[in-house]
Amino acid sequence: MLENLKKQFSDLFGQESKNDFFAPGRVNLIGEHIDYNGGLVLPSAVTFGTYLLTAPNKDGVFRFRSTNFDDKLDIPVQDAYTKEGKEWFYYPLGVIHNFVQDGKKVEGLDLLFFGNLPIGSGLSSSASVEVVMAYALNQLFNAGYSRLDIVKLAKRVENEFIGVNSGIMDQFAVTFGEENKALKLNCESLDYEAVECNLGDHYLAIINTNKPRKLAESKYNERVSECETALKSLQHKLIINNLCDIDAETFHANKALISDAVVLKRAEHVVEENERVHLATKALAENRLEDFGQLMYASHESLKSLYEVSGVELDTIVEFSLAYPEVTGARMTGAGFGGCAIALVKKTAFEDFSTKIIDYYTSKIGYAPSVYSSEIGKGVSEL
Ligand code: GLA
């Protein structure tokens with residue numbers, strides 16, 4: 001694949017690529033809509049992601065090309081950039097913007113991107129693009145950023161340049177991911193532990209709803225602000241910095257502080273989901289996959305009923321999984337509103353599961369989902 005991309009690079013730019021990079025996407029095993037509430041999450045990097053081929057040019061221009069999109073951009077090296085549309089290249093351009101704003105020196109580059117993650121599917125295609133660009137610039141111009149600096153810079157791009165108030169989970173998983181490990185990440189302290197992700201005789205299936213995502217960004221920002229409202233209400237009495245600073249018992253004893261019924265449901269999801277992550281990491285470490293699977297189902301139910309970020313497509317996948325004996329657990333992953341679900345499927349039943357879920361989903365939704373078996377890959381690197 002890389003050889004083919006290198007050929008496309010030289011056809012496009014009339015020179016060979018010099019430095020090539022790859023950043024993965026991620027799945028989140030459990031702990032959804034927790035990162036911006038300062039709790040615990042459990043993501044893993046996948047083996048799909050974004051390739052970036054680069055070579056310097058002498059023209060003082062950034063040339064952005066993608067094998068996935070026709071839109072392209074040639075733009076000179078300058079002190080600041082702004083987002084003027086919805087095209088893909090604003091993600092890497094936002095990274096350059098943050099570099100130059102940090103006072104780092106950059107020079108013209110020819111850049112070819114290729115992504116094999118389904119775009120907008122909740123597998124962090126945007127974090128993958130941001131991180132691969134930040135990692136590449138850091139290497140190419142010796143900018144001296146640590147991996148954690150790269151994570152924070154990529155998050156800044158998402159929050160300030162793109163305008164989505166996301167937490168830090170995606171950029172972190174894409175940067176720090178390790179093969180066959182899940183990252184138990186505390187989103188407040190940013191302490192993390194790479195824990196063995198032993199799925200025994202199961203595959204981790206990724207089922208893409210293939211639902212075109214609309215309004216996902218505005219709905220996401222709405223959830224973030226509902227959580228802020230819940231936190232402010234609780235702070236009238238409790239000394240806390242985040243919703244995840246309290247356990248479910250304290251929450252239930254104090255929930256009268258939250259007057260808005262919708263905001264209350266959101267906070268209840270957050271506090272209980274955070275507890276589920278503690279239980280799930282313990283279950284994983286002790287090879288109690290059945291328990292882990294039950295926590296996945298409980299997480300989905302809460303995202304559906306309390307947080308209201310699921311939808312008929314994701315629910316259909318989980319409903320099928322629940323009734324299929326060789327599935328141990330399933331849930332939506334990522335922001336929701338479409339995107340992907342994950343399921344722990346017995347290896348021996350995977351083919352049958354794929355065929356049957358495709359049929360079931362198609363008959364209910366009217367178009368087919370895509371089913372993959374995912375491996376857990378490593379974080380961003382130079383190839
Ligand atoms: C998106 C965001 C993450 C996180 C998840 C939900 O992927 O980018 O920061 O909030 O949604 O858990």
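Treat the numbers as computed from the prediction; the structure is a model and nothing was measured. Every chain begins its residue count from 1, and numbering advances along the sequence as written. Where totals are concerned, whole chains, interfaces and linings use all residues; where local detail is concerned, this predicted model gives features only for residues with pLDDT of at least 70, and gives and counts side-chain atom pairs only at 80 or more. The basis for every side-chain value is the complete set of non-hydrogen atoms in the structure, without hydrogens or water.

A. Spotlight on the overall build of the chain. What the chain contains, in helices and strands, is eleven helices and 13 strands. Relative to a compact globule of 383 residues, whose C-alpha radius of gyration would be 21 Å, the chain shows 21 Å and is just as compact. Seen along its three principal axes, the alpha-carbon backbone of the chain occupies a region of about 65 × 55 × 40 Å. Note on exposure labels: buried denotes an accessible area under 20% of the residue type's maximum, exposed denotes more than 50%, and partly exposed covers the range between, all computed with a 1.4 Å probe on protein chains only. Looking at the 383 residues of the chain, the share that counts as buried comes to 57%. A run of H or I in DSSP counts as a helix once it spans at least four residues, and a run of E counts as a strand once it spans at least two, with each numbered from the N terminus. Here the globule rule reads 2.2 Å times residues to the power 0.38, and the radius of gyration is calculated from C-alpha atoms.

B. Geometry of the site of the ligand. The ligand sits among Arg26, Glu32, His33, Asp35, Tyr36, Ser166, Gly167, Met169, Asp170, Tyr220, Gly334 and Ala335. Two N or O atoms form a polar contact when they lie within 3.5 Å of each other; inside protein one atom must be a possible hydrogen donor and the other a possible acceptor, and for residues adjacent in sequence the pair counts only when both atoms belong to side chains. The separation between an oxygen atom of the ligand and a polar main-chain atom of His33 is 2.7 Å. In the environment of the ligand, an oxygen atom lies 3.0 Å from a nitrogen or oxygen atom belonging to the backbone of Gly167. Gly falls in the polar group here, along with every residue not listed as nonpolar (Ala, Val, Leu, Ile, Met, Phe, Trp, Tyr, Cys, Pro) or charged (Asp, Glu, Lys, Arg). For the shell around the ligand, the residue count by class is four nonpolar, four polar and four charged. Throughout, the term near means that a residue has one or more heavy atoms lying within 4 Å of the molecule or strand in question.

C. Main features of the sheet that holds strand β8 (residues 192–196). Two strands form a pair only when DSSP identifies at least two bridges running between them. Read from one edge of the open sheet, three strands run β2-β7-β8, paired in antiparallel fashion. Across the chains shown, the open sheet's two edge strands, defined by having one partner strand only, are β2 (40–41) and β8. Sitting on the sheet, helix α5 (residues 169–176) is in contact with β2, β7 (181–186) and β8, with an inclination near 140 degrees to β7. The contact definition used throughout considers only heavy atoms, calling two residues in contact when any of these lie within 4.5 Å. Helix axes are fitted only over the stretch in contact, all axes being lines through C-alpha atoms; the angle between N-to-C directions runs from 0 to 180 degrees.

D. Representation of helix α8 (residues 261–285) in the model. If you check α8, its first and last C-alpha atoms are 37 Å apart, about what 25 residues at 1.5 Å a residue would give, namely 36 Å. Where α8 begins, the capping side chain belongs to Asp260, and its oxygen is found 2.8 Å from the backbone nitrogen of Val262. Following α8 by one or two positions, Asn287 adopts a phi angle in the positive range, close to 55 degrees. Helix span is expected to be 1.5 Å times the residue number reduced by one.

E. Seen up close, the pattern of salt bridges. Here, a salt bridge means any Lys or Arg side-chain nitrogen found within 4 Å of an Asp or Glu carboxyl oxygen. By the definition in use, this model includes 25 salt bridges. A salt bridge links Glu313 to Lys211, with the nearest nitrogen and oxygen atoms 3.6 Å apart. Linking Glu313 in helix α10 (residues 312–323) with Lys211 in the loop between β9 (202–208) and α6 (216–235), this pair joins segments that are 102 residues apart in sequence.

F. Here's a closer look at the side chain of Asn57. Its place among the elements puts Asn57 in the loop between β3 (43–56) and β4 (61–66). With relative accessibility at 12%, the residue Asn57 sits in the buried group. There is a polar contact of 2.8 Å between the side chain of Asn57 and the backbone oxygen of Val61. A polar side-chain atom of Asn57 sits 2.8 Å from a polar atom in the side chain of Asp110. Contacts of Asn57, omitting those with residues within four sequence positions, involve Gln15, Arg63, Gly108, Leu109 and Asp110.

G. Structural view of the sheet that holds strand β5 (residues 73–76). Spatial ordering of the open sheet is given by β5-β4-β6-β3-β1-β13, a layout of six strands whose pairing is mixed. Taken across any chain shown, the strands that pair with only one partner, and hence form the sheet edges, are β5 and β13 (381–382). Here β4 pairs with β5 via four bridges, running antiparallel. Its bridge partner lying in β5, Phe64 is registered against Leu73. With respect to the sheet, helix α1 (residues 2–13) is in contact with β1 (19–28), β3, β4 and β6 (109–115), its orientation differing from that of β6 by roughly 140 degrees. Sitting on the sheet, α5 is in contact with β1 and β3, with an inclination near 125 degrees to β1.

H. Region of the structure containing the nonpolar core. Ranked by internal contacts, the top residues of the largest apolar core, which has 96 residues, are Phe62, Phe64, Phe99, Phe113 and Phe353. Among the elements that make up this core, the one with the highest residue count is helix α3 (residues 125–140) (nine residues). Ignoring sequence-local partners within four residues, the contact set of Phe62 consists of Leu73, Asp74, Ile75, Val77, Tyr81, Ile96, Val106, Glu107, Leu109 and Leu111. The term nonpolar core refers to a set of buried residues drawn from Ala, Val, Leu, Ile, Met, Phe, Trp, Tyr and Cys, joined through side-chain atoms within 4.5 Å.

I. Structural detail: the packing of aromatic side chains. Under the pairing criterion, centres of Phe, Tyr and Trp rings, with the six-membered ring standing for Trp, must be within 6.5 Å; the plane angle then separates stacked pairs below 30 degrees from edge-to-face pairs above 60, leaving the rest tilted. Using the criterion set out here, one finds 22 aromatic pairs in the structure. For the ring pair Phe89 and Tyr90, a centre distance of 5.0 Å and an interplane angle of 55 degrees mean the geometry is tilted. Of the two residues, Phe89 and Tyr90, neither departs from the other in class, the shared state being buried. A cation over an aromatic ring shows up here: Lys104 above the ring of Tyr145, its NZ or CZ 4.8 Å from the ring centre. By definition here, charges over rings are those cases where NZ of Lys or CZ of Arg is within 6 Å of the ring centre and within 35 degrees of the ring normal.

J. Layout of the packing of helix α2 (residues 90–101) against α3. For the pair α2 and α3, the least separation of the axes is 8 Å and the interaxial angle reads 40 degrees. On the basis of the axis angle, α2 is oblique to α3. Relative to α3, α2 is oriented so that their crossing is right-handed. Contact residues: α2 offers Tyr91, Pro92, Val95, Ile96 and Phe99, while α3 offers Ser126, Val129, Glu130, Met133, Ala134, Leu137 and Asn138. A class-by-class count of the residues in the contact of α2 with α3 yields nine nonpolar, two polar and one charged. With respect to orientation, any angle under 35 degrees is reported as roughly parallel, any angle over 145 as roughly antiparallel, any angle of 65 to 115 as roughly perpendicular, and every other angle as oblique. If you view the pair so one helix is near and one far, a crossing is left-handed when the near helix is turned anticlockwise from the far one by less than a right angle, and right-handed when it is turned clockwise.

Function-wise, these values are silent; they only describe arrangement.
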